[in-house]
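The lines below spell out each chain.
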Amino acid sequence: MDLKVTIVGETGVGKTSLAMSFATNNFDAQQKSNSVAAFWKKSIDVNDTTVKFQIWDTAGQELYRSMAPMYMKSAEAIFIVIDVTRPQTLAQVAFWHDQIKLNCAQSVEVYLIGNKIDQQRNVTENEAFIVAKQFGMKYFETSALKGTGVNSAFQKIAEWKSQQTICYTTERVIEDEVEKKKCCC
Ligand SMILES: Nc1nc2c(ncn2[C@@H]2O[C@H](COP(=O)(O)OP(=O)(O)OP(=O)(O)O)[C@@H](O)[C@H]2O)c(=O)[nH]1
Ligand SMILES: [Mg+2]
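Residues numbered from 1 in each chain as written. Chains lettered and ligands numbered in written order. Predicted model: local features only at pLDDT ≥ 70, side-chain atom pairs only at ≥ 80, totals over all residues.

**Concerning the overall build of the protein chain**
So, point 1. Within the protein chain, the secondary structure is distributed over 6 helices and 6 strands.
So, point 2. Each helix and strand of the protein chain, placed in order from N terminus to C terminus, yields the pattern β-α-β-β-α-β-α-α-β-α-β-α.
So, point 3. Put simply, the protein chain has 185 residues, and 36% of those count as buried.
So, point 4. The contacts in the protein chain between residues at least 6 apart in sequence include a share of 72% that link residues at least 24 apart. (Helix = DSSP H or I, 4+ residues; strand = E, 2+ residues; numbered from the N terminus. Buried ≥ 20, exposed ≤ 12 C-beta atoms within 10 Å, placed from the backbone. Contact = placed C-beta atoms within 7 Å.)

**Observations concerning helix α1 (residues 15–24)**
Along an α-helix, a turn takes 3.6 residues, which lines up residues three or four apart on a common side.
So, point 1. When you tally the buried positions in α1, you get 8 out of 10 residues, the bulk of the element.
So, point 2. Residues of α1 that are buried: K15, T16, S17, L18, A19, M20, S21 and F22.
So, point 3. Phi turns positive, to about 65°, at N25, one or two residues after α1.

**What about the site of ligand 1?**
So, point 1. Inspection of the region around ligand 1 gives 22 residues, with G14, T16, S17, S33 and G60 positioned closest.
So, point 2. With 3 residues, α1 is the single largest residue contributor to the shell around ligand 1.
So, point 3. Here the shell around ligand 1 is built from residues that sort into 5 nonpolar, 13 polar and 4 charged. (Near = placed C-beta within 6 Å. Nonpolar A, V, L, I, M, F, W, Y, C, P; charged D, E, K, R; others polar.)

**Here we look at unusual backbone geometry**
So, point 1. The phi angle at N25 is positive, at roughly 65°, despite the residue not being glycine.
So, point 2. Within the fold, N25 resides in the loop between α1 and β2 (38–46).
So, point 3. For K116, which is not glycine, the phi torsion reads 75° and is therefore positive.
So, point 4. Checked against the element boundaries, K116 lands in the loop between β5 (109–115) and α5 (125–134).

**Quick word on the pairing of strand β6 (residues 138–141)**
So, point 1. As paired strands, β5 and β6 are joined by 4 bridges and run parallel to one another. Following the sheet pairing, G114 is matched in β6 by E141.
So, point 2. Taken together, β5, α5 and β6 constitute a β-α-β crossover, and its handedness is right-handed. (Pairing = 2+ DSSP bridges. Right-handed = clockwise from strand over helix to strand, strands pointing away.)

**Describing the sheet that holds β2**
So, point 1. Within the open sheet, the 6 strands sit side by side as β2-β3-β1-β4-β5-β6. Their pairing is mixed. The strands lining the two open edges of the sheet, one partner per strand, are β2 and β6. Neighbouring strand axes in the sheet, compared pairwise and without regard to direction, differ in orientation by 25° on average.
So, point 2. Pairing geometry for strand β1 (residues 2–9) and strand β4 (residues 77–83), over 5 bridges, is parallel. By the bridge assignment for β4, V5 is matched with A77. (Axes fitted to C-alpha atoms, helices over the stretch in contact; angles between N-to-C directions.)

**Considerations on the environment of Q88**
So, point 1. By the element assignment, Q88 lies in helix α3 (residues 87–91).
So, point 2. Along the chain, Q88 and V123 lie 35 residues apart, while their C-alpha atoms are 9.4 Å from each other.

Written out as structure tokens, the structure reads:
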């Protein structure tokens, strides 16, 4: 099954680095800021199903930000990334959450990702967790540099997707059975 994930957040928080770490297991300390969205693919197996990720890594610079909604619209899941060394990136979560409300389907699953935990942090895990909770999001911490937590965040969203599909199928089966019974009466 396909899973479209869009990554948003301020410039320099590590969106491209996270996508690259997950998709290729590589890290580039000289990673350049992107001006257009980059696309990454990777498949993983969860619950006997292959989840094929289609990852849109958006450009965080103010100048290119107007493009982000285009990639949010069809997303089933969104990662809002912050940089735990820069508290202002946490303050901007409200902005990104508004963008999601404006542009995404109601069913979208949103995770907050605190990246760069290998560095001296200025945002505590608890501070970020409180903001995530306020907006109804799960919170994960990562280091794209070390690879810490990256696979688990993507694994969790893949599990969410596989569960969604199972629930949907079960509901449909139950609905179909109700319909059949109705027909027999
Ligand atoms: N120490 C450390 N540096 C990181 C980490 N993730 C990214 N970086 C560095 O932070 C800088 C910005 O990373 P990018 O991945 O380009 O950030 P971005 O969010 O894609 O930025 P835009 O494309 O401008 O939106 C680069 O120099 C990366 O090498 C991390 O986990 N730890
Ligand atoms: Mg980038």
